[in-house]
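# A closer look at the structure
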Amino acid sequence: QVQLVESGGGLVQAGGSLRLSCAASGRTFSSYAMGWFRQAPGKEREFVAGIRGSGGSTYYADSVKGRFTMSRDNAKNTVYLQMNSLKPEDTAVYYCAARLYLRAVVAGGDEYDYWGQGTQVTVSS
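Let me sum up the structure you'll find in this document. Computed from a predicted model, the values in this text were never measured in an experiment.

Time to look at the packing of aromatic side chains. Using the criterion set out here, one finds six aromatic pairs in the structure. Here Phe29 and Tyr32 contribute two aromatic rings whose centre-to-centre distance is 5.7 Å and whose plane-to-plane angle is 80 degrees, an arrangement assigned as edge-to-face. Exposure class is identical for Phe29 and Tyr32. Each is buried. Here Phe37 and Phe47 contribute two aromatic rings whose centre-to-centre distance is 5.6 Å and whose plane-to-plane angle is 75 degrees, an arrangement assigned as edge-to-face. Of the two residues, Phe37 is situated in strand β4 (residues 33–39) and Phe47 in strand β5 (residues 46–51); the sequence distance between them amounts to 10 residues. One exposure class covers both Phe37 and Phe47, and it is buried. Each member of the aromatic cluster is reached from another via a ring pair, and the members are Phe37, Phe47, Tyr95, Tyr112 and Trp115. Arg45 extends its terminal NZ or CZ atom over the ring of Phe37, reaching a point 5.9 Å from the ring centre. One residue, Arg72, lies across the ring of Phe29, its end atom 4.4 Å from the ring centre.

Across the sheet, which stays open at both edges, the four strands sit in the order β1-β3-β8-β7 with antiparallel pairing between neighbours. Looking at strand neighbours, the two that pair on one side only are β1 (4–7) and β7 (68–73), the edges of this open sheet. Averaged over all pairs of adjacent strands, the angle between their axes in this sheet comes to 15 degrees, without regard to strand direction. Both strand β3 (residues 18–24) and strand β8 (residues 78–83) contribute to a ladder of six bridges, which runs antiparallel. Of the residues in β8, the one forming a bridge with Leu18 is Met83.

Our focus in this paragraph is the state of the cysteines. Tallied over the entire structure, the rule returns one disulfide. Put simply, Cys22 and Cys96 are joined by a disulfide, and their sulfur atoms are 1.9 Å apart. Disulfide Cys22-Cys96: the torsion about the S-S bond is 50 degrees, which places it as right-handed. Of this pair, Cys22 sits in strand β3 while Cys96 sits in strand β9 (residues 92–99), placing them 74 residues apart in sequence. There is no split in this pair, since Cys22 and Cys96 are both buried.

Our focus in this paragraph is the environment of Ser125. Among the secondary structure elements, Ser125 is positioned in the segment after β11 (119–124). Taking the C-alpha atoms as reference points, Ser125 and Lys87, 38 residues apart in sequence, are found 7.6 Å from one another. Setting aside chain neighbours within four positions, we find Ser125 in contact with Ala14 and Pro88.

Thresholds applied
Residues numbered from 1 in each chain as written. Predicted model: local features only at pLDDT ≥ 70, side-chain atom pairs only at ≥ 80, totals over all residues. Heavy atoms only, no water. Phe/Tyr/Trp six-rings, centres within 6.5 Å; stacked < 30°, edge-to-face > 60°. Buried < 20%, exposed > 50% of the residue type's maximum accessible area, 1.4 Å probe, protein only. Helix = DSSP H or I, 4+ residues; strand = E, 2+ residues; numbered from the N terminus. Lys NZ or Arg CZ within 6 Å of the ring centre and 35° of its normal. Pairing = 2+ DSSP bridges. Axes fitted to C-alpha atoms, helices over the stretch in contact; angles between N-to-C directions. Disulfide = S-S within 2.5 Å. Contact = heavy atoms within 4.5 Å.

As structure tokens, this is what we get:
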């Protein structure tokens, strides 16, 4: 069983920044591919960013490329999502997810094994 706990959400003005964190349990965190997803009201959940267990490769949705940066600290069992130049359309509940057993980062949320409870990000115009 892996527990994921997100933090760092909040209310920010357009153009501002936020940093989300996701702390994970488990002894083999470095083997987890991690993803950030978001879901806005009335919309489907969408992939935002992903990172391999080693942290060597990151992947981003086109809508956030150049503005968001995902990273991880395997010593702290934590992944981060640095969000800059935020836009009102970034408003959503953000979730982190873990995909175990050295599997690759994928965009399909159904392929992930564990999810956090989510953290709300609201960007005002």
